[in-house]
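Examining the three-dimensional arrangement
Next come the chains, spelled out residue by residue.
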Amino acid sequence: MVESGGIAVADFICPTEQTRAAFDADFTVFVDRIDQGRFEDTNRIFEPPRDPDVVVTADGSPEFWAEKIATAIRPPFDWTKPTAFFLGRYQPFHDGHRALVLEGIRRTGQACIAVRSMQPDEKNPFDFEYVKSRIEQRLSAEKGRFVVLPLPNVTQILYGRDVGYSIEQIHLGEEMESISATNARAKMGQGK
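Before going into details, it helps to say that this report is about the structure given with it. This structure is a prediction, so every number in the text was calculated from the model and none was measured. (Residues numbered from 1 in each chain as written. Predicted model: local features only at pLDDT ≥ 70, side-chain atom pairs only at ≥ 80, totals over all residues. Heavy atoms only, no water.)

Moving on: the sheet that holds strand S4 (residues 111-116). Pairing is parallel in the open sheet, where three strands are placed in the order S3-S4-S5. The strands lining the two open edges of the sheet, one partner per strand, are strand S3 (84-88) and strand S5 (146-151). Strand-to-strand, the axes of this sheet are offset by a mean angle of 20 degrees, without reference to chain direction. Packing against the sheet, helix H4 (residues 95-108) makes contact with S3, S4 and S5, and its axis sits at approximately 160 degrees to S3. Strands in contact with helix H5 (residues 128-138) are S4 and S5; relative to S5, the strand with the most contacts, it is inclined by about 165 degrees. (Pairing = 2+ DSSP bridges. Helix = DSSP H or I, 4+ residues; strand = E, 2+ residues; numbered from the N terminus. Axes fitted to C-alpha atoms, helices over the stretch in contact; angles between N-to-C directions. Contact = heavy atoms within 4.5 Å.)

Put into structure tokens, the structure is as follows:
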């Protein structure tokens, strides 16, 4: 589940540090809503987690805590933080595109992926919603660290005086750079 970009949730009563260590969890939620459990032997050996990521108390609804946990696991995209910007057609979004975006996220913490709108033709068979869903699927492990936006048919990127932008071509090596959207479309039976 985790390898495919999802989140695996294991709900266990682990009363000691030793039992919790056996799971090697990436994220720990301590549900601290009762003083004592039903079983005296468990109560006797119980050790509170040393450093849980979230402590759920008796205050707040289940919906409140679910949202708090989800935000802690995958924070929402922050429009004020430094962001790598990518502009392309992504017809289709392939491994080379994915590698570029992951490098941008590694460098800045998050990415804005702008999908350039084009008239449908054999080089641009997919609409924005299809492209967006494919990007979100391929980057699901990075959820909250990227946003996908539609743009008009941008043909020039111009700017005036230096206002803090850095424009750089990222070289990912011959293997990644040899990936072709044209070949990917042909394999999909979607034109040239």
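On the surface, Tyr159, Val163, Tyr165 and Ile167 cluster together into a nonpolar patch covering about 470 Å² of accessible area. Note that Val163 resides in the loop between S5 and helix H6 (174-177). Here Val163 falls in the partly exposed class, since its relative accessible area comes to 47%. (Patch = residues over 30% accessible without salt bridge, like charges linked within 9 Å, V, L, I, M, F, W, Y side chains within 5 Å. Areas by Shrake-Rupley, 256 points an atom, 1.4 Å probe, with all protein chains shown as cover. Salt bridge = Lys/Arg side-chain N within 4 Å of Asp/Glu carboxyl O. Buried < 20%, exposed > 50% of the residue type's maximum accessible area, 1.4 Å probe, protein only.)

Bringing the pattern of salt bridges into the picture now. This structure, assessed with the given rule, holds seven salt bridges. Notably, a salt bridge pairs Lys132 with Glu136, separated by 3.9 Å at the nearest N-O pair. You can see Lys132 and its partner Glu136 sitting in helix H5, four residues apart, about one turn around the helix. A salt bridge links Glu142 to Arg145, with the shortest nitrogen-to-oxygen separation between them at 3.0 Å. Judged by its relative accessible area of 34%, Arg145 falls in the partly exposed class. One salt-bridge network, held together by shared partners, links Glu103, Arg106, Arg107 and Glu168.

Ranked by internal contacts, the top residues of the largest apolar core, which has 15 residues, are Tyr90, Val101, Ile113, Ile135, Leu139 and Phe146. Those elements that provide at least two residues to this core are S3, H4, S4, H5 and S5. Counting residues per element, this core draws most heavily on S4, at three residues. Beyond its immediate stretch of four places on either side in the chain, Ile113 contacts Phe86, Tyr90, Val101, Ile135, Leu139, Phe146, Val147, Val148 and Leu149. (Core = buried A, V, L, I, M, F, W, Y, C linked by side-chain atoms within 4.5 Å.)

Turning to the pairing of S4, a few remarks are in order. Burial analysis of S4 places five of its six residues in the buried class, which makes it a mostly covered element. Strand direction decides the pairing type here: S3 and S4, joined by five bridges, are parallel. Following the sheet pairing, Gly88 is matched in S4 by Val115. Handedness of the β-α-β unit built from S3, H4 and S4 comes out right-handed. Following the backbone out of S4, through H5 and into the adjacent parallel S5, one traces a crossover that is right-handed. (Right-handed = clockwise from strand over helix to strand, strands pointing away.)

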